[in-house]
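Working through the structure, step by step
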Amino acid sequence: MRQSPNIIITGTPGVGKTTHCESLAERLGLRHISVNQVVKDKDCHEGFDEEYQSWIVDEDKLLDAIEDDVKQGGCLIDWHACDLFPKSWVDLVVVLRVDSTTLYDRLKARNYPEIKLQENLDSEIMEVLLQEARDSYDAEIVIELTSNTSDEMETNVDRVEAWVKQWKADNN
Ligand code: DAT
């Protein structure tokens with residue numbers, strides 16, 4: 001039984017997953033597992049998609065690469081997908097959401113290829129990641145938070161911090 005919870009921070013690229021995870025890791029001493037980084041560092045991929053400018057992820061390899069860390073608890077899993085992580089690993093799923101104009105500006109600043117930019121905007125508007133989280137985990141552990149401004153981010157971090165404290169009180 002883990003003594004610290006595992007939290008997935010998910011959402012469309014550009015919503016603020018990394019920014020939230022870095023702040024939460026610093027504030028709460030949780031381990032930030034940046035899946036993009038793991039995929040690159042541990043070769044959990046089947047090559048690079050030039051059109052989308054992204055790695056084609058080998059999910060089995062990825063799960064093997066992070067399993068030991070996650071089983072210890074206290075991990076923030078940062079990725080734009082969540083349905084591959086076993087339910088038994090996960091205590092909370094935070095789906096970050098952002099207005100499409102804000103998302104457009106953030107992705108444009110990253111110089112995303114047009115096809116990738118449009119696909120991500122569509123995905124955010126269609127609530128694809130929120131639906132994926134709701135389809136994959138129990139409703140009571142999935143929360144949707146907005147991440148348009150720094151103030152909202154501060155509020156989100158406070159809220160997750162309070163949740164973690166309560167989880168620890170309930171489970172230890
Ligand atoms: P992700 O990891 O989801 O791709 P990110 O954390 O790299 O997103 O953030 C993308 C950009 O947006 C980055 O320049 C920081 C900025 N940003 C993220 N969340 C924000 C927020 N709540 N308020 C203002 N800027 C934010």
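As a reminder, the structure under discussion sits directly above these lines.
Below: a short report on this structure. (Residues numbered from 1 in each chain as written. Predicted model: local features only at pLDDT ≥ 70, side-chain atom pairs only at ≥ 80, totals over all residues. Heavy atoms only, no water.)

Secondary structure summary: the chain contains seven helices and seven strands in total. Shown N-terminal to C-terminal, the secondary structure of the chain runs as helices and strands in the order β-α-β-α-β-β-α-β-β-α-α-α-β-α. Taken over the C-alpha atoms alone, the chain extends approximately 50 × 35 × 30 Å along its principal axes. Considering only residue pairs separated by 6 or more positions, the chain has 73% of its internal contacts joining residues 24 or more positions apart. With an accessible surface of roughly 9100 Å², the chain has 45% of that area assigned to carbon and sulfur atoms. Measuring between centres, the 18 positive side-chain charges of the chain sit 4 Å from its 36 negative side-chain charges. (Helix = DSSP H or I, 4+ residues; strand = E, 2+ residues; numbered from the N terminus. Contact = heavy atoms within 4.5 Å. Areas by Shrake-Rupley, 256 points an atom, 1.4 Å probe, with all protein chains shown as cover. Lys, Arg positive; Asp, Glu negative; His and termini not counted. Charge placed at Lys NZ, Arg CZ, Asp CG, Glu CD.)

This brings us to the site of the ligand. Neighbouring residues of the ligand: 15 residues in total, closest G14, K17, T18, T19 and R110. In this structure, an oxygen atom belonging to the ligand sits 2.8 Å away from a side-chain N or O atom of R110. In this structure, S150 approaches the ligand through a main-chain N or O atom, which is 3.3 Å from a nitrogen atom. Calculation on the ligand without its partners gives an accessible area of 550 Å², and the protein chains cover 72% of this total. Those elements giving two or more residues to the shell around the ligand turn out to be helix 1 (17-28) and helix 7 (150-171). For the shell around the ligand, the element with the highest residue contribution is helix 1, accounting for three residues. Its residues placed into classes, the shell around the ligand shows three nonpolar, nine polar and three charged. (Near = heavy atom within 4 Å. Polar contact = N/O pair within 3.5 Å; in protein donor to acceptor, adjacent residues only side chain to side chain. Nonpolar A, V, L, I, M, F, W, Y, C, P; charged D, E, K, R; others polar.)

In this section: the pattern of salt bridges. Throughout the structure, instances matching the rule amount to 13 salt bridges. Note that R97 is salt-bridged to E124, the shortest N-O span being 2.8 Å. Of the two residues, R97 sits in strand 6 (residues 92-97) while E124 sits in helix 5 (residues 114-125), which places them 27 residues apart along the sequence. The burial state of R97 is the same as that of E124; both residues are buried. Residue E144 pairs with R97 through a salt bridge whose shortest N-O separation is 2.9 Å. Remark: R97 occurs in strand 6 and E144 occurs in strand 7 (residues 142-146); sequence separation between them is 47 residues. (Salt bridge = Lys/Arg side-chain N within 4 Å of Asp/Glu carboxyl O. Buried < 20%, exposed > 50% of the residue type's maximum accessible area, 1.4 Å probe, protein only.)

Note on placement: S147 falls in the loop between strand 7 and helix 7. For S147, a relative accessible area of 5% translates into the label buried. Of note is the side chain of S147, whose polar atom sits 2.6 Å from the backbone oxygen of V15.

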